[in-house]
Amino acid sequence: MELVAGCYEQVLFGFAVHPESKASGGHETWTPVADFTHHAHTASLSAVAVNSRFVVTGSKDETIHIYDMKKKIDHGSLVHHNGTITCLKFHGNRHLISGAEDGVICVWDAKKWECLKSIKAHRGHVTFLSIHPSGKLALSVGTDKTLRTWNLVEGRSAFIKNIKQNAHIVEWSPRGEKYVVVILNNIDVYRLDTASVSGIITNEKRVSSVTFVSESVLAVAGDEEVVRFFDTDSLTCLCEFKAHENRVKDMFSFEIPGHHVIVTASSDGFVKMWKLKQDKKVPPSLLCEVNTKARLTCLGVWLDRVTDTKESQLPVAEPSVSEEEQSKDNKKESGDTVQEEERQSKPNTKKRGLTGVSNKPTKGSSQVLTKKRKMVEKLEKKKRKKEKIRTMQ
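Residues numbered from 1 in each chain as written. Predicted model: local features only at pLDDT ≥ 70, side-chain atom pairs only at ≥ 80, totals over all residues. Heavy atoms only, no water.

Asks: Could you give an account of the packing of aromatic side chains, with specific residues and numbers?
Replies: Within the structure shown, the criterion is met by 7 aromatic pairs. Note on F13 and F15: the rings are 6.3 Å apart at their centroids and 20 degrees apart in plane angle, and the pair reads as stacked. The class of F15 is buried, set by a relative accessible area of 9%. Here the aromatic rings of F229 and F241 are separated by 5.9 Å at their centres, their planes lie at 75 degrees, and the arrangement is edge-to-face. Of this pair, F229 sits in strand β22 (residues 226-231) while F241 is found in strand β23 (residues 237-242), placing the two residues 12 residues apart along the sequence. Accessibility assignment for this pair places F229 and F241 in one class, buried. Among the aromatic side chains, those forming a connected cluster through ring pairs are W172, Y179 and Y190. Above the plane of the ring of F270 lies K272, whose end atom (NZ or CZ) is 5.7 Å from the centre. (Phe/Tyr/Trp six-rings, centres within 6.5 Å; stacked < 30°, edge-to-face > 60°. Buried < 20%, exposed > 50% of the residue type's maximum accessible area, 1.4 Å probe, protein only. Helix = DSSP H or I, 4+ residues; strand = E, 2+ residues; numbered from the N terminus. Lys NZ or Arg CZ within 6 Å of the ring centre and 35° of its normal.)

Below, the structure is given as structure tokens:
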């Protein structure tokens, strides 16, 4: 596996970590080894995402850079946004979704690296987005004080919820039965079936990152050295531990056989890997740490093989049409929701979602199609000439 971290100094760090453990006095430790540094951007890095092959980074230089982790080469860049890239999310190995300060959300083909759809999502910046585990829905928040739900099957807006303040984080739970919306130091917990707030968690400082470590347990990091685990059902703090010497900027959690790991990155330059206990009331134990000597901003973990990741045994909550309609009705009654016809999708009547395939060729289609079209046109012209000659005879 590979730890990847971006920083203010425009560099992406890569550290190879081998899960083979060494027992030192009964305490398990891993050893990270510096693998690469890559200076591809001309401004600070703001987002990172990983799938089974690629690592992508977003920056204040308005570009998305792609790295092929199998071949360990630079794979090029995506230039579509006009503003800082604020969020990047992969859904499987086929699609990438990006959001930026231009208010636009783009859906990318992660094989051909073409923009499949570009949506003007928010009147202000897109601050964060999260894809439902089913791949059918996505949530986004922006500086226009809205929480927006996107139907990714049809590539359009499903509904909009007005919120009192600008939210800067939104995150689905692993099963997709609930999601959290973060506003400053408050975390609103929503249920999918009701689309309403079931409770509020309050952190001591402004929240900088959240990650679900189970369906009900949420890890929360803020502008402080401490990471806390909260139960999203009882809304209580299960435990807290001092992770760094400075504020925690980003977190990432994953599972491999025998290990459930959470990774933290801080402004103090350290990236640390922690082994979670079965009982989340017990603080995790430190597996390894590495000092980048840089001001870190974002974090990801690339796993060598898809099979390395432990498949979740939790069934995914499929967002059915009835659930969507029910949540729409609930929101109409409360007056919080504005139904929106996606204006950007009007020119393209073909339905294309994360799980659907459009028959319409994209902008960057192969030249083979144009050659075929020219051949057909020539043949038709020849036929017409022959018919004219026959009629004249």
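Asks: So what about a positive patch on the surface? Which residues, and what values?
Replies: A surface patch of like charges, here positive, comprises K378, K381, K382, R384, K385 and K386. With respect to the helices and strands, K381 occurs in helix α2 (residues 367-392). Take K381: its relative accessible area is 52%, and that puts it in the exposed class. (Patch = residues over 30% accessible without salt bridge, like charges linked within 9 Å, V, L, I, M, F, W, Y side chains within 5 Å. Areas by Shrake-Rupley, 256 points an atom, 1.4 Å probe, with all protein chains shown as cover. Salt bridge = Lys/Arg side-chain N within 4 Å of Asp/Glu carboxyl O. Lys, Arg positive; Asp, Glu negative; His and termini not counted. Charge placed at Lys NZ, Arg CZ, Asp CG, Glu CD.)

Asks: An account of the pattern of salt bridges is requested, with residue identities and associated values reported.
Replies: Scanning all chains against the criterion turns up 15 salt bridges. Here E154 ties to R156 by a salt bridge, and the two come within 2.6 Å at their closest N and O atoms. For E154, a relative accessible area of 29% gives the class partly exposed. The exposure class assigned to R156 is partly exposed, which follows from its relative accessible area of 25%.

Asks: Any details on the environment of C87? Residues and values, ideally.
Replies: Residue placement: C87 occurs in strand β8 (residues 85-91). C87 gets classed as buried once you look at its relative accessible area, which sits at 2%. Other than its neighbours up to four places away in sequence, C87 contacts A47, I97, S98, G99, V126, T127, F128 and L129. (Contact = heavy atoms within 4.5 Å.)

Asks: For unusual backbone geometry, give the residues involved together with the corresponding values.
Replies: Apart from glycine, the bulk of residues carry a negative phi angle, and the bulk of peptide bonds sit in the trans form. If you check the backbone angles, W113 has positive phi at about 60 degrees while not being a glycine. With respect to the helices and strands, W113 occurs in the loop between β10 (104-109) and β11 (114-120). Given a relative accessible area of 11%, W113 falls into the buried group. The backbone of A195 shows a phi angle near 55 degrees, a positive value even though the residue is not glycine. Turning to its location among the elements, A195 is positioned in the loop between β18 (186-191) and β19 (196-202).

Asks: Can you break down the side chain of S52 residue by residue, with the values?
Replies: Inspection of the secondary structure assignment puts S52 in the loop between β4 (45-50) and β5 (54-59). For S52, a relative accessible area of 18% puts it in the buried group.

Asks: So what's going on with the state of the cysteines? Which residues, and what values?
Replies: Scanning the model with the defined rule gives 0 disulfides in all. In this model C7 remains outside any disulfide bridge; the closest cysteine sulfur is found in C298, 8.3 Å from its own. Unpaired in terms of disulfides, C237 finds its nearest cysteine sulfur in C239, a separation of 6.6 Å. Note on C237: relative accessible area 37%, which makes it partly exposed. (Disulfide = S-S within 2.5 Å.)

Asks: Break down the sheet that holds strand β7 (residues 73-78) for me, citing the residues and quoting the values.
Replies: Taken in spatial order, the 4 strands of this open sheet run β4-β5-β6-β7, and their pairing is antiparallel. Because the sheet does not close on itself, it has two edges, and the strands there are β4 and β7. Averaged over neighbouring strand pairs, the angle between their axes works out to 20 degrees when direction is ignored. When β4 meets β5, the two strands line up antiparallel, connected through 5 bridges. The partner of A47 across the bridge, within β5, is G58. (Pairing = 2+ DSSP bridges. Axes fitted to C-alpha atoms, helices over the stretch in contact; angles between N-to-C directions.)

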